[in-house]
Amino acid sequence: MPKNPQILTPSRPFPLSLFSPPVWKQYQIIGLGLLLGVCVSGCNTQTTAEPQTNQNRASSPTATDSTRKDKKVILTTFTVLADMAQNVAGDKVTVESITKPGAEIHGYEVTPSDLKRGQGASLILDNGLNLERWATRFYNSFPKVPRVTLTEGVQPVNIAEDSYKGKPNPHAWMSPKNALIYVKNIRKALSNVDPSNAAIYEANSTKYSDEIRAIDERLKQAISAIPPEKRYIVSCEGAFSYIARDYGLKEVYIWPVNAEQQSTPKQVERVINTVKANKIPAVFCESTVSNEAQLQVAKETGAKFAGVFYVDSLSPSEGPASTYLKMLEYNVNTLIKGLQGNGA
């Protein structure tokens, strides 16, 4: 049996740090000049998904009235898009997320304060692919505010099971390759509403795209060091279809998309049987939903519940996934640690 890969602590803060590649003794990668890093502090921060009891009551902080008067306001539907947009925008506009860190975005309910924040907005950026069905009321309240869907140009991966079969999986941002399309669309959108700063948005998007390409390569190398028969990612929501496609993972999930009715007995039984049949050592859940069903899977199979992934929301600023790039890094590190038996 090959030894488990080791994950080393980064010597410099992300995003400048690199990873030390996980090495299976019999699958050692030779000649890699990359070091594959780990957010170790983040990996121990949260090991279970907590109920988001107040997730629909508040959104991310709103800019002051004076700031809104000085700069154009760009609204995004959730925190991941806000971080991407901020990297492209720099300090030239004010970027705000409608939903706050930790919010479950599939079933979010628009509040009066959200509608107030929409006043004076110059642009709304959303994901599309049926993700923000709740936002129709918001959009209708501001018919003159331009809206850009950032998945324009993305090749969707269709959901293969349950009532959502045949519909596009909305979690396209989980793929760094797709993120490059998001960034391109953000740059175009910002340049259209603020052409005087188009050159700055171009420069910022080029720099940010280079960072995304770099982490894509590092994550690819990290996962490729795991023997193919061990490359399973078992989550609550089917949010990893794009990563599975890009990095050669086998995706297993309880439900395809977060919804009001989750974890039917049939869904749980299906995952239990898959975990047992393939001797998968670790299962995971997402930070914005209850992990109760996945804990049942772990109990029934003997697999370890190895922590949470960040998908629909970034963590607060002090958390392990406070930016999009850190989120990708944290998720892959959590996966690798779980598969090697060192998870939460």
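The shown structure was predicted, so the numbers you read here are calculated from the model rather than taken from an experiment.

### Some points on helix 6 (residues 176-193)
Reasoning step 1: Spanning 18 residues, helix 6 covers 26 Å between terminal C-alpha atoms, matching the ideal 26 Å at 1.5 Å per step.
Reasoning step 2: For helix 6, the full list of buried residues reads P176, N178, A179, Y182, V183, N185, I186, R187, A189, L190 and S191.

### Let's talk about the confidence of the model for the protein
Reasoning step 1: This prediction gives the protein a mean pLDDT of 83; 78% of its residues lie at or above 70.
Reasoning step 2: Contacts of residues 1-62 to residues separated by more than four positions or lying in other chains number 151 contacts, the stretch itself having pLDDT below 50.

### Some details on the pattern of salt bridges
Reasoning step 1: Applying the stated rule across the entire model yields ten salt bridges.
Reasoning step 2: One salt bridge connects R245 with D246, and the closest N-O pair in it is separated by 3.0 Å.
Reasoning step 3: When its relative accessible area of 18% is taken as the criterion, D246 is described as buried.
Reasoning step 4: In this structure, a network of salt bridges that share partners links the residues E96, D114 and R117.

### Description of the sheet that holds strand 3 (residues 121-126)
Reasoning step 1: The strand order across the open sheet built from four strands is 2-1-3-4, with neighbouring strands paired in parallel fashion. The sheet is open, and its two edges are formed by strand 2 (94-97) and strand 4 (147-149), each paired on a single side. Neighbour-to-neighbour, the strand axes of the sheet open up by a mean angle of 25 degrees, direction not taken into account.
Reasoning step 2: Pairing of strand 1 (residues 73-76) with strand 3 involves four bridges; the strand directions are parallel. Directly across from L75, in strand 3, lies its bridge partner I124.
Reasoning step 3: Against the sheet, helix 3 (residues 79-89) makes contact with strand 1, strand 2 and strand 3, and its axis sits at roughly 170 degrees relative to strand 2, the strand it touches most.
Reasoning step 4: Against the sheet, helix 6 contacts strand 1, strand 3 and strand 4, and its axis sits at roughly 165 degrees relative to strand 3.

Parameters at a glance
Residues numbered from 1 in each chain as written. Predicted model: local features only at pLDDT ≥ 70, side-chain atom pairs only at ≥ 80, totals over all residues. Heavy atoms only, no water. Helix = DSSP H or I, 4+ residues; strand = E, 2+ residues; numbered from the N terminus. Expected span 1.5 Å × (residues − 1). Buried < 20%, exposed > 50% of the residue type's maximum accessible area, 1.4 Å probe, protein only. pLDDT = per-residue confidence, 0-100. Contact = heavy atoms within 4.5 Å. Salt bridge = Lys/Arg side-chain N within 4 Å of Asp/Glu carboxyl O. Pairing = 2+ DSSP bridges. Axes fitted to C-alpha atoms, helices over the stretch in contact; angles between N-to-C directions.

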